[in-house]
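Listed below are the residues making up each chain.
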Amino acid sequence: MICKRNNSISTGRVLLAVALLATFAWGQMNNGVMSPPANARPPRLENVGIEQHLDAQVPPDLIFRDDAGKTVKLGDYFGRKPLILNLVYYNCTMLCGEALAGLASAMRLVKFDVGNEFDVITVSFDPRETPEMAAAKKKDYVGRYGRANAASGWHFLTGQPDSINALTKVVGFQYQYDPKSDQYAHATAIMVLTPQGRISRYFYGVDFPPKDLRMGLVEASQGKIGNAVDAVLLYCYHYNPETGKYGAMVANILRLAAAATILIMGIFLFILWRLDLSVPRRTLPSGARTP
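**Remarks on the confidence of the model for the chain**
Okay, step 1: Of all residues in the chain, 68% attain a pLDDT of 70 or more, and the chain-wide mean is 80.
Okay, step 2: Between residues 1-40, whose pLDDT stays under 50, and residues either more than four places distant or in other chains, the model counts 3 contacts.

This is how it looks when you write it as structure tokens:
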């Protein structure tokens, strides 16, 4: 009798716990505070993200103002060299500063120079911001980058809503303004453009691997910058749009290794053949026999 009673008590406790959990979960669902599904965005972030538009043309006629207050068109920067485009706002207290600092750090580790092999266009998506604010940011981050001629190749722009909306729509940059905090919710990424202004690559986050950044610039330039090593790396690595990174192509690496092995063996056999020709051969006297 004691065992049966203990078993019934344990079963009752389990049933009670299950009932309490079910009641709590139902109440949470009815109150609308249950955690959203993994594929759902939190409130106020429904329209935030980055949608890749690879090979899309950035409109060259969009009008902005540079850090000196001069009216410019995006097309003014096209036609000469690959570009890096990033979208921030200068009053951002969180991600934008991290993204700009990460970009400056990554570019320092790439041997290509801003203003020589490539240019950078940083655009504020807050229409309230001014060229003076752009100039202050430029002074800060060009100073962090610390290379000559960078000021002539890193452009900080501000613009009106029409131009900003057209640019963000083309590149797939989605953001949302929160009036309570007077801040923008947004993701972070940089886009590598061809010299003609077509979107070639996206790199996400605030830290950009220098190897990926270099390969992205070489690809965007269509081989006009870089060297033979870059060509080999691009043969062995492939850009993955889903991750925004370059990954190893195992099949191509194996082909390259096999070709290198054959080449080395061929060189080795050629050297042996040349050495064999250079060794003087003894001539035997007439009538002599070889041992």
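**Observations regarding unusual backbone geometry**
Okay, step 1: Residues other than glycine seldom take positive phi values, yet Asp55 does so here, at roughly 75 degrees.
Okay, step 2: Inspection of the secondary structure assignment puts Asp55 in the loop between strand 1 (49-50) and strand 2 (63-65).
Okay, step 3: Backbone geometry at Asn149 places phi at a positive 70 degrees, although glycine is not the residue there.
Okay, step 4: Following the sequence through the fold, Asn149 ends up in the loop between helix 3 (131-145) and helix 4 (150-153).

**Re the nonpolar core**
Okay, step 1: Counting residues in each nonpolar core, the largest one holds 59 residues, and the members touching the most others are Met107, Trp154, Leu167 and Val171.
Okay, step 2: The element best represented in this core is helix 2 (residues 95-108), accounting for 6 residues.
Okay, step 3: When near neighbours in sequence (up to four residues on either side) are disregarded, Met107 contacts Ile84, Phe112, Val114, Phe118, Val120, Tyr145, Arg147, Trp154 and Leu213.

**What about the sheet that holds strand 8 (residues 183-186)?**
Okay, step 1: Reading across from one edge, 1-7-8 is the order of the 3 strands in this open sheet, with antiparallel pairing throughout. Here the strands that pair on one side only, and so sit at the sheet edges, are strand 1 and strand 8.
Okay, step 2: Across 4 bridges, the pairing between strand 7 (residues 173-178) and strand 8 is antiparallel. Note that in strand 8 the partner of Tyr175 across the bridge is His186.

**Describing empty space enclosed by the protein**
Okay, step 1: Tallied over the full model, the rule gives 2 cavities of 30 Å³ or more.
Okay, step 2: The volume enclosed by the largest cavity comes to roughly 50 Å³.
Okay, step 3: Around the largest cavity sit Asn86, Leu87, Val88, Ala99, His186, Ala187, Thr188, Ala189, Ile190 and Phe208, which together line it.
Okay, step 4: Counting only elements with at least two residues in the lining of the largest cavity, the list comes to strand 4 (83-88) and strand 9 (189-193).
Okay, step 5: At 3 residues, the largest contribution of residues to the lining of the largest cavity is made by strand 4.
Okay, step 6: In the lining of the largest cavity, the residues fall into 7 nonpolar, 3 polar and no charged.
Okay, step 7: Approximately 30 Å³ is the volume attributed to the second largest cavity.
Okay, step 8: Contributing to the lining of the second largest cavity are Tyr89, Tyr90, Cys92, Cys96, Gly97, Leu100 and Lys137.
Okay, step 9: Among the elements that take part in the lining of the second largest cavity, helix 2 stands out by supplying 3 residues, more than any other.

**Section: the environment of Tyr204**
Okay, step 1: Relative to the helices and strands, Tyr204 resides in strand 10 (residues 199-204).
Okay, step 2: Along the sequence, Tyr204 and Gly244 sit 40 residues apart, while their C-alpha atoms lie 6.3 Å from each other.
Okay, step 3: In contact with Tyr204, other than residues within four places in its own chain, are Ile50, Gln52, Thr188, Ala189, Pro241, Thr243 and Gly244.
Okay, step 4: Within polar-contact distance, the side chain of Tyr204 engages the side chain of Gln52 at 2.7 Å.

**Quick look at the packing of aromatic side chains**
Aromatic rings in a pair are described by how distant their centres are and how their planes are angled relative to each other.
Okay, step 1: Overall, the coordinates contain 13 aromatic pairs when judged by the stated rule.
Okay, step 2: With a centroid separation of 5.1 Å and an interplanar angle of 55 degrees, the aromatic rings of Tyr177 and Tyr184 are classed as tilted.
Okay, step 3: Residue class for Tyr184 comes out buried when judged on its relative accessible area of 14%.
Okay, step 4: Within the aromatic cluster, the residues linked to one another by ring pairs are Tyr89, Phe125, Phe173, Tyr175, Tyr177 and Tyr184.

**Thoughts on helix 2**
Okay, step 1: Taking 1.5 Å as the rise per residue, helix 2 with 14 residues should run 20 Å; its terminal C-alpha atoms sit 20 Å apart, in good agreement.
Okay, step 2: Every buried residue belonging to helix 2 is among Cys96, Ala99, Leu100, Gly102, Leu103, Ala104, Ala106 and Met107, and all of these are buried.

**Examining the environment of Arg80**
Okay, step 1: Mapped onto the elements, Arg80 comes out in the loop between strand 3 (71-73) and strand 4.
Okay, step 2: Here the side chain of Arg80 touches Asp76 through a polar contact of 3.3 Å, landing on its backbone oxygen.

Calculation notes
Residues numbered from 1 in each chain as written. Predicted model: local features only at pLDDT ≥ 70, side-chain atom pairs only at ≥ 80, totals over all residues. Heavy atoms only, no water. pLDDT = per-residue confidence, 0-100. Contact = heavy atoms within 4.5 Å. Helix = DSSP H or I, 4+ residues; strand = E, 2+ residues; numbered from the N terminus. Core = buried A, V, L, I, M, F, W, Y, C linked by side-chain atoms within 4.5 Å. Buried < 20%, exposed > 50% of the residue type's maximum accessible area, 1.4 Å probe, protein only. Pairing = 2+ DSSP bridges. 1 Å grid on protein atoms, 1.4 Å probe; cavity = no way out; pocket = protein on both sides within 12 Å on 5 of 7 lines; lining within 4 Å. Points joined across faces, edges and corners; volume = space filled by probe spheres on them. Nonpolar A, V, L, I, M, F, W, Y, C, P; charged D, E, K, R; others polar. Polar contact = N/O pair within 3.5 Å; in protein donor to acceptor, adjacent residues only side chain to side chain. Phe/Tyr/Trp six-rings, centres within 6.5 Å; stacked < 30°, edge-to-face > 60°. Expected span 1.5 Å × (residues − 1).

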